[in-house]
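A look at the structure
The lines below spell out each chain.
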Amino acid sequence: MKITRLISAGLMIATSFSLATAVTTTPANASTAGGQITRSEVLARAQNWVNREIQYNLTRDPGTLKTDVEGDNKYGPDCSGLVSMAWHITANSGKGGNSTRDFAAWDGVEDLDSLHDLKPGDAILSSTHIELFVRWKDTSDHTKGAWTYSLNGTNSSGDAQGWEQDWAKGPTPNSRGKVGDESWSSMQGYQPIRYKNIVDDVAATPRPKFGDFDGDGKTDRALWNPGNGAWFVEFSRDGSRNETEPWGQNSDIPVSGDYNGDGEADRMLFRPSNGAWYVTYSGTGQRAQLPAWGQNGDVPVPGDYDGDGKGDRALWRPSTGAWYVEFSRTGSHNETEPWGQAGDVPVPGDYNGDGEADRMLFRPSTGAWYVTYSGTGQRVQLGNWGVSGHVPVPGDYDGDGRSDRTLWNPANGAWFVEFSRDGVKNETEPWGQNGDVPVPGDYNGDGQADRVLFRPSTGAWYAAYSTTGQRVQLSNWGVNGHIPVS
């Protein structure tokens, strides 16, 4: 998991890396019709119909059928057609996919013993309806219900043919404010089923994890004091706290990361005034000054750009938009063509799950996002999202091995996350206040970034854990002027 984070509303960036296991996912069109398909692709295909605002129609007339992501197959825009499309099946293709009755008798699925056995991309089936299971609302308490993809065909609008007013829905509100929401009690009338060709997303090679100074797979709370150069780390492995000898000076920028690939984040500093870099390796305690690189005004944006499991020194120059990367695999330096402009905020991360950090920018003035994918060099402008004043805090909030576009609003404490697993957008209840510093990371080691804030005025830390939704206030630690580096 890779996270790039703002220290303040300005352009001071701190990024930290160490090794952890992640998950690779496939593009929405990676499967072949009737072949194996990953769970993440199933959800992405279902989200495609939500994004396209597919409207319910149960007639299965040829003119009403809707294409899938590739445009190669057509499916009925109803509950069973949505599941047929999401699973990328060819059964009953002449009539737009299976019906609910077909699914009940089809040998391409297997019954699950319990609703508790459901995984993302499975389905729940009754005699008249079927929905695609996305995830439990609370993984620790399934009785709180689940999020689903569905086309229900209800008559709630009161029109003569009420089903005509229903649109595809998912786990977050569609353009009409509707969500796929099933209570535990309503799920009792369904049989949980699994497509026999669905496969779990495969584990990938180890990749960087944010702020793990002791190598236990969890983010550690850490602070740097620019007043005297002291670093403070609270090791999650045993709860002990460590203060190093002074390392750095005022105006340095902390950019910790796992630069030697030993699984522990190292204490790195960039000095804009002379381009110097200083590192203390966590595993050995060795201190080194690396060759000078960069100039005043450059923004450090380290990350694993070559996919070798080590943090690479990297800089972004706002005056020209150029990105500079020193690949740890070879030691070679690379300069890209201009990508971005003054006022943009660089937020690199692995947004496509290929194991390499991508060059991402957020433009507060317009809400635009621009990305250059490291593996392919492809440049893309993503959909606008966010406004001036929002602080970008990307991280892997859904545990699929990809960075999610995420924003925090200091004015009201709201967090906004676009889950890369299925493309849905989520807004949390307010969490934090103006003056807080967001420091997301995987603090409990469950594979998902948590929403954590440091309040300099009091030294308080607040965490909202992504998997459970639990909110806690951690013990106070730090004072005004300390910079949280995780």
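See the structure shown above.
Residues numbered from 1 in each chain as written. Predicted model: local features only at pLDDT ≥ 70, side-chain atom pairs only at ≥ 80, totals over all residues. Heavy atoms only, no water.

1. What about the environment of Ala460?
Here is the rule we go by: Put simply, DSSP H or I for four residues or longer makes a helix, DSSP E for two residues or longer makes a strand, and each gets a number counted from the N terminus. What makes two residues a contact is simply this: any of their non-hydrogen atoms within 4.5 Å.
Assignment of secondary structure puts Ala460 in strand E36 (residues 460-464). Note: C-alpha distance between Ala460 and Val479 (19 residues apart in sequence) is 8.9 Å. Apart from the residues lying within four places of it in its own chain, the contact partners of Ala460 are Leu453, Phe454, Arg455, Gln473 and Asn476.

2. Section: the sheet that holds strand E29 (residues 379-382)
Definition in use: Any two strands with at least two DSSP-identified bridges between them are counted as paired.
The 4 strands lie next to each other as E26-E27-E28-E29, forming an open sheet whose pairing is antiparallel. Pairing within the sheet leaves two strands with one partner each, and these edge strands are strand E26 (345-346) and E29. Relative to strand E27 (residues 359-363), E26 is paired through 2 bridges, and the arrangement is antiparallel. For Val345, the partnering residue across the bridge sits in E27 and is Phe362.

3. A few points about unusual backbone geometry
In terms of backbone geometry, most residues other than glycine have negative phi values and most peptide bonds are trans. One non-glycine residue, Glu53, lies in positive phi territory at about 55°. Position of Glu53 among the secondary structure elements: in the loop between helix H1 (39-51) and strand E5 (66-67). The phi angle at Ser251 is positive, at roughly 85°, despite the residue not being glycine. Here Ser251 lies in the loop between strand E17 (241-243) and strand E18 (253-254).

4. Structural notes on the sheet that holds strand E21 (residues 287-290)
Spatially, the 4 strands line up as an open sheet ordered E18-E19-E20-E21, and their pairing is antiparallel. Looking along the sheet, the strands with just one partner apiece sit at the ends: E18 and E21. The sheet contact formed by strand E20 (residues 276-280) and E21 spans 4 bridges and is antiparallel. In the sheet register, Tyr278 faces E21, and the bridge partner there is Gln289.

5. Some words on the nonpolar core
As a reminder, the rule being used: For this analysis, a nonpolar core means a set of buried residues of the types Ala, Val, Leu, Ile, Met, Phe, Trp, Tyr and Cys, connected via side-chain atoms within 4.5 Å. Only protein chains enter the area calculation, which uses a 1.4 Å probe; residues under 20% of their type maximum are buried, those over 50% are exposed, and those in between are partly exposed.
If you look at the biggest cluster of nonpolar residues, it comprises 44 residues, and the most contacted ones within it are Trp49, Leu82, Trp87, Phe103, Ile130, Leu132 and Tyr149. Within the residue set of this core, elements represented by two or more residues are H1, helix H2 (79-87), strand E8 (123-125), strand E9 (130-136), strand E12 (191-195), strand E32 (415-418) and E36. Per-element tally for this core: the top contributor is H2, with 6 residues. Leave out the neighbours within four places in its chain, and Ile130 touches Cys79, Ser80, Val83, Thr100, Phe103, Ala123, Ile124, Leu125 and Ile193. Formed by 14 residues, the second largest nonpolar core is a distinct cluster that contains Tyr259, Phe270, Leu315 and Tyr324.

6. Concerning a negative patch on the surface
Definition in use: Residues enter patches when they are more than 30% accessible in relative terms and free of salt bridges; like-charged ones are connected within 9 Å and nonpolar ones (Val, Leu, Ile, Met, Phe, Trp, Tyr) within 5 Å. Each accessible area is a Shrake-Rupley estimate made with a 1.4 Å probe; only the visible protein chains count as cover when residues are assessed. Any carboxyl oxygen of Asp or Glu that lies within 4 Å of a side-chain nitrogen of Lys or Arg is treated as forming a salt bridge with it. Positive: Lys, Arg. Negative: Asp, Glu. His and the chain ends are not part of the count. Note that the charge is assigned to NZ on lysines, CZ on arginines, CG on aspartates and CD on glutamates.
Negative charge collects at one region of the surface, where Glu110, Asp111, Asp113 and Asp117 lie side by side. Following the sequence through the fold, Glu110 ends up in strand E7 (residues 109-111). With relative accessibility at 38%, the residue Glu110 sits in the partly exposed group.

7. Some remarks on the pairing of strand E10 (residues 146-149)
Examined bridge by bridge, E9 and E10 share 4 bridges and lie antiparallel to one another. Bridging across to E10, Arg135 finds its partner in Trp147. Bridge count between E10 and strand E11 (residues 181-182): 2 bridges; the pairing is antiparallel. Following the sheet pairing, Ala146 is matched in E11 by Glu182.

8. Notes on the pattern of salt bridges
For the structure shown, the criterion picks out 22 salt bridges. For Asp78, the salt bridge identified is with Arg60, shortest N-O distance 3.0 Å. Here Asp78, found in the loop between strand E6 (74-75) and H2, pairs with Arg60, found in the loop between H1 and E5; they are 18 residues apart in sequence, far enough to count as distant. You'll find Asp78 and Arg60 in the same group, each marked buried.

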